[in-house]
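Structural overview
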Amino acid sequence: MSKDVAIIGVGQSAFVRGYEGSIRELAFEAYSEAMKDAGITSKDIEASVIGSAPEYDKQRSPSGLMAEYLGLNPQPTFNVESVCSSSTTGLWLAYSMIKAGLYDPVVVLGFQKMSEITSADSQERMGRGADIMWESPFGTMMPAYYAMHAQGHFARYGTTEEDLALIRVKATSYGKINEKAVYRKELTVEQCLESAVVASPLKVFDCCANADGSSCMILASADKAKEISSKPVYVLGIGSGTASLTMTGRNTLYGLDCAKVAAKEAYEMAGLTPQDIDVAEVHDCFTIAEMMAYENLGFAEPGKGAELIRNRETYIGGKIPVNVDGGLLSKGHPIGATGGSQVRTIVLQLRGEAGDMQVPGAEIGLVHNIGGVGIYGNVIILGR
Amino acid sequence: MGFEKFGQISFTAQSKVGDDFVDYLEKGELRGTKCTKCGTTFFPPCAECSNCLSEEMEWIKIEGTGNLISFTEVNYGPTGFENDVPYILALVDFDGVKVFGRFSKDVSTEKLAVGASAKAETVTYEDGQVGYQFLPA
Ligand SMILES: [Zn+2]
């Protein structure tokens, strides 16, 4: 088990619709919370990594702007992008730099102001989330791709629309108690099933809530972490994988290979198994994505994911609580900030600071963060 | 130039395989490529082989009956496709060569199931754009 790098500070802004401020001010909210959490100031930071999905940014090369605004000049700054997994890709870079002995500590900041562009512009960009040569000409968009995975999962395993609704109902029960969540209402199975179909079988309430938001993580070597922090949370294992951008290159449409590759690597590095995980944050951009994550992470055998949610095993008190902060579905999905927010949730859980969302006695936590429709997969295992 | 003729809305005008691909579509043929050195097949067609780095490719026909891997009926389209909905997107496996596309507008989802047979045909749209679409087989 690796315990060379720790997370010593975490923060996130509230996830909201239509943030009334600039991206620099949005970023500052998460940064300030994480720095105060770590008890350090900008001059203590040796490098910064900034993540966002640039198609939503009006500002070109935002890392330069952020380094300046957050008081991180003249230290080096690095811009990373892997769509929805940008901030955990940032964590990867920070981890690698610390492990290589280059910089220590390193701050990772993810942000997205999705309302920075008009909804017409946003719709236009969504059509280009796929291979623009061979798939976008058919009118593709994210819900359609995940819908094809849902259809594939239904056909192979007998999963139903009700099973997916149960996942959304769970998300809303925790989104309701998370003050930083964008979607605070509770939903019933009936409400989910009656919502309009976006791309069959996925309906409006199977889709995550878009939001503006920022997240921040401060990483340090184990030695430095002990010096600075009374409550470091260690990176025990880290894994990353990819799969083809085009659907024609996929082996199956009922799971995400990039997640399986990443999970295997992370479990091996940590010397742990799925049964060792006490609490998990998975990338539920759509309900079917959480269902596939149960199986791809080994929380359930392939095809048995539905049993987990039917038996409420992914609620607090169940075998493996998942997304007990509301997840992307209810907490919200500000693309570049999402992974860092997932990590923050797990760090708070492992410190016993998650309040009403606390999983009692959680010692080992896992983050699963996916970019695009399973193009990029990052899995991180954390422990005290 | 030439590839801008592909699909309802093209986002790419230039590709080494674009002109030939469109020419074949206009002749009623859907084609992918095959590396003449190592035999790897590609759909979408590629001008180069990522397996052996050869640039010697030949065009192969995609024909016959395929197997429907998955599909979805889209009710909300991205920019440019808003008035085109609903339409059915699908992935069909033609004996190991997978093809992504749409079903013909005449087909309803009730007629479709994962694992069912499907075939591809080329199509010319009202505005002169060319493409291909799936039909139940
Ligand atoms: Zn070859």
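Model, not experiment: these values are computed from the prediction.

Here the focus is the overall build of chain A. The number of helices and strands found in chain A is 13 helices and 11 strands. What you see for chain A is a C-alpha radius of gyration of 19 Å, in line with the 21 Å of a compact globule of 384 residues. Its C-alpha atoms give chain A principal-axis dimensions of roughly 55 × 45 × 40 Å. Burial analysis of chain A (384 residues in total) assigns 66% to the buried set. Counted over contacts in chain A with a minimum sequence separation of 6, partners at least 24 positions apart contribute 77%. When the accessible surface of chain A is totalled, it reaches about 13,000 Å², and 50% of it is carbon and sulfur.

The next point concerns the sheet that holds strand 3 (residues 57-61) of chain B. Residue and element names in this part refer to chain B. A sheet is described by the order of its strands in space; here three strands give the open sequence 2-1-3, paired in antiparallel fashion. The open sheet has two edge strands, strand 2 (41-42) and strand 3, and neither has a second partner. In terms of strand pairing, strand 1 (residues 31-35) meets strand 2 through two bridges, oriented antiparallel. By the bridge assignment, K34 is partnered in strand 2 with T41.

Residue and element names in this part refer to chain A. Within the open sheet, the nine strands sit side by side as 3-2-4-7-1-8-11-10-9. Their pairing is mixed. A single partner strand is all that each edge strand has here, and the edge strands are strand 3 (77-80) and strand 9 (279-281). This sheet shows a mean twist of 25° between the axes of neighbouring strands, independent of strand direction. Here strand 2 (residues 47-51) pairs with strand 3 via four bridges, running parallel. Bridged to S48 within strand 3 is T77.

Residues and elements named next belong to chain B. Distances from the zinc ion to its protein donors, C35 (SG), C38 (SG), C49 (SG) and C52 (SG), fall at 2.3 Å. Around the zinc ion sit four donor atoms; with metal-centred angles ranging over 101 to 116°, the donor geometry is tetrahedral. In primary-sequence terms, the residues that donate to the zinc ion follow C-x2-C-x10-C-x2-C. By relative accessible area, which is 2% here, C49 ends up buried.

Facing the 32 residues of chain A at the interface are 36 residues of chain B. Between chain A and chain B, roughly 2,900 Å² of surface is buried when both sides are summed, and carbon and sulfur atoms account for 70% of that area. Three residues stand out in chain A for area buried against chain B, namely W134, F138 and T248 of chain A, and they jointly supply 29% of the buried area on that side. Put simply, chain A and chain B have zero salt bridges between them. On inspection of chain A and its partner chain B, the count reaches 12 residue pairs in polar contact (both at pLDDT 80 or more). Put simply, the parts of the chain that give the side of chain A that touches chain B at least two residues each are helix 4 (119-126), helix 5 (142-157) and strand 5 (197-199) of chain A.

On to the pairing of strand 8 (residues 233-242) of chain A. Residue and element names in this part refer to chain A. Along strand 8, eight of the 10 residues are buried, which leaves the element largely enclosed by surrounding structure. Two strands pair when backbone bridges link them, and strand 1 (residues 5-12) and strand 8 are joined in this way by two bridges, in the antiparallel orientation. Across the sheet, I7 pairs through a bridge with V233, a residue of strand 8. With eight bridges connecting them, strand 8 and strand 11 (residues 376-383) associate as antiparallel partners. Bridge assignment links V235 to a residue of strand 11, and that residue is L382.

Residues and elements named next belong to chain A. In terms of domains, chain A is made up of domain 1 (5-118 + 211-234) and domain 2 (136-209 + 235-383). Domain 1 and domain 2 are separated by 23 Å when their C-alpha centres are compared. Listed per partner, the contact involves 44 residues of domain 1 and 41 residues of domain 2. With both sides pooled, the region where domain 1 packs onto domain 2 buries about 3,200 Å², and carbon together with sulfur makes up 65% of that total. When residues of domain 1 are sorted by the area they lose upon contact with domain 2, F15, C84 and W92 head the list and together hold 23% of the total. Summed over the shared surface of domain 1 and domain 2, the number is four salt bridges.

Further remarks concern the packing of aromatic side chains. Residue and element names in this part refer to chain A. As enumerated under the stated definition, the model contains 23 aromatic pairs over all chains in all. Over the aromatic face of Y183 sits the side chain of R168, whose NZ or CZ is 4.9 Å from the ring centroid. Lying over the aromatic face of Y315, R312 brings its terminal NZ or CZ to 3.8 Å of the ring centre.

Next up on the list: helix 9 (residues 257-270) of chain A. Residue and element names in this part refer to chain A. Here helix 9 spans 20 Å end to end across 14 residues, near enough to the 20 Å set by a 1.5 Å rise per residue. Listed as buried for helix 9 are C258, A259, A262, A263, A266, Y267 and A270. Seen along its axis, helix 9 keeps its buried residues to an arc of 150°; they face one direction. Opposite its buried face, helix 9 presents the exposed residues K264 and E268, each directed more than 90 degrees away. Against the buried residues of helix 9 lie strand 8, helix 10 (287-296), strand 10 (364-371) and strand 11. Just past helix 9, the residue G271 takes up positive phi, approximately 65°.

On to the pattern of salt bridges, then. Residue and element names in this part refer to chain B. Summed over all chains, the structure comprises 24 salt bridges over all chains. A salt bridge links E48 to K16; its shortest N-O distance comes to 3.1 Å. Here K16 lies in the segment before helix 1 (18-26) and E48 lies in the loop between strand 2 and strand 3, a separation of 32 residues in the sequence. For K16, a relative accessible area of 66% puts it in the exposed group.

To continue, consider helix 1 (residues 23-38) of chain A. Because an α-helix completes one turn every 3.6 residues, residues spaced three or four positions apart along the sequence face the same direction. Residue and element names in this part refer to chain A. The end-to-end C-alpha distance of helix 1, which contains 16 residues, comes to 23 Å, matching closely the 22 Å that a straight helix rising 1.5 Å per residue would cover. Inspection of helix 1 places I23, L26, A27, A30, Y31, S32, A34, M35 and A38 among the buried residues, and these make up the whole buried set. Tucked into the core, helix 1 has its buried residues touching strand 1, helix 2 (62-69), strand 4 (106-113), strand 7 (212-221) and helix 8 (222-228). Just past helix 1, the residue G39 takes up positive phi, approximately 75°.

Calculation rules
- Residues numbered from 1 in each chain as written.
- Chains lettered and ligands numbered in written order.
- Predicted model: local features only at pLDDT ≥ 70, side-chain atom pairs only at ≥ 80, totals over all residues.
- Heavy atoms only, no water.
- Helix = DSSP H or I, 4+ residues; strand = E, 2+ residues; numbered from the N terminus.
- Rg over C-alpha atoms; globule rule 2.2 N^0.38 Å.
- Buried < 20%, exposed > 50% of the residue type's maximum accessible area, 1.4 Å probe, protein only.
- Contact = heavy atoms within 4.5 Å.
- Areas by Shrake-Rupley, 256 points an atom, 1.4 Å probe, with all protein chains shown as cover.
- Pairing = 2+ DSSP bridges.
- Axes fitted to C-alpha atoms, helices over the stretch in contact; angles between N-to-C directions.
- Donors = N, O, S within 2.8 Å, 3.2 Å for Na, K, Ca; no water.
- Tetrahedral: all angles 85-135°; square planar, octahedral: opposite > 155°, others 65-115°.
- Buried area = accessible area lost by both parts, 1.4 Å probe.
- Salt bridge = Lys/Arg side-chain N within 4 Å of Asp/Glu carboxyl O.
- Polar contact = N/O pair within 3.5 Å; in protein donor to acceptor, adjacent residues only side chain to side chain.
- Domains from an automatic or database assignment.
- Phe/Tyr/Trp six-rings, centres within 6.5 Å; stacked < 30°, edge-to-face > 60°.
- Lys NZ or Arg CZ within 6 Å of the ring centre and 35° of its normal.
- Expected span 1.5 Å × (residues − 1).
- Arc of directions from axis to C-beta.

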